[in-house]
Amino acid sequence: TSVTSVTSVTSVTPSTPIDTHGYWSPHVDKANVPEYDVSAVLYLSDGDGVDFAGGELNFMDAKGGWKTVTPRRNRLVVFSSGEENVHAVGVVSSGERTTLNLWLTRDPRVAAPEDD
């Protein structure tokens, strides 16, 4: 079975409208796109006020609390896309948060054509 990926580079600043990307609210990637199996975020900029402030990746834990991934340039966060990984991104309060976002699927209905 082949794996197909969807990628995007996202740049977010304090002036980015909250509803533009929709990831500020808690969500599950697979609920948005049922074919997604694996999600990943590669940070292309540093958080903690270096390149931007805010914009942390937060995962809901089993007790309804939140676990935070601090953005660091070159940090790769990979997680399954299902309901076990409810997550949200904090609003960027200053600077520019740049990430490479990646989603993988093994669903043959949406697979990229194989080269012969």
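Along each chain, the written sequence defines residue order, and numbers are assigned to residues from 1. Under the rules for a predicted model, residues below a pLDDT of 70 receive no local features and side-chain atom pairs below 80 are neither given nor counted, while totals for whole chains, interfaces and linings still include all residues. With hydrogens and water excluded, all non-hydrogen atoms of the structure serve as input to the side-chain values.

### Comments concerning the pattern of salt bridges
Next, step 1: A pairing counts as a salt bridge when a side-chain nitrogen of Lys or Arg comes within 4 Å of a carboxyl oxygen of Asp or Glu. Across all of its chains, the model carries five salt bridges by this definition.
Next, step 2: Put simply, Lys 30 and Asp 37 hold a salt bridge, and the shortest N to O gap is 2.9 Å.
Next, step 3: Across the pair Asp 48 and Arg 72 runs a salt bridge, and its minimum N-O distance is 3.1 Å. One end of the pair, Asp 48, is in the loop between strand 2 (38-43) and strand 3 (52-54); the other, Arg 72, is in the loop between strand 5 (66-69) and strand 6 (76-80), with 24 residues separating them in the sequence.
Next, step 4: For Arg 72, a relative accessible area of 35% puts it in the partly exposed group.
Next, step 5: Salt bridges here are not isolated pairs; linked through shared partners, they connect Asp 46, Asp 51 and Arg 73. For the purposes of this entry, the term helix denotes a DSSP run of H or I that reaches at least four residues, the term strand denotes a run of E that reaches at least two, and both are numbered from the N terminus. To sort residues, take the accessible area from a 1.4 Å probe on protein chains only and compare it with the maximum for the residue type: under 20% means buried, over 50% means exposed, and anything in between is partly exposed.

### Digging into a nonpolar patch on the surface
Next, step 1: Residues Val 9, Leu 44 and Leu 100 make up a contiguous nonpolar surface patch of roughly 230 Å² in combined accessible area.
Next, step 2: A relative accessible area of 30% places Leu 100 in the partly exposed class. Each patch is built from residues lacking any salt bridge and having more than 30% relative accessible area; the joining distance is 9 Å for like charges and 5 Å for nonpolar side chains (Val, Leu, Ile, Met, Phe, Trp, Tyr). The protein chains shown are the only cover counted for residues, whose accessible areas, like all others here, come from Shrake-Rupley with a 1.4 Å probe.

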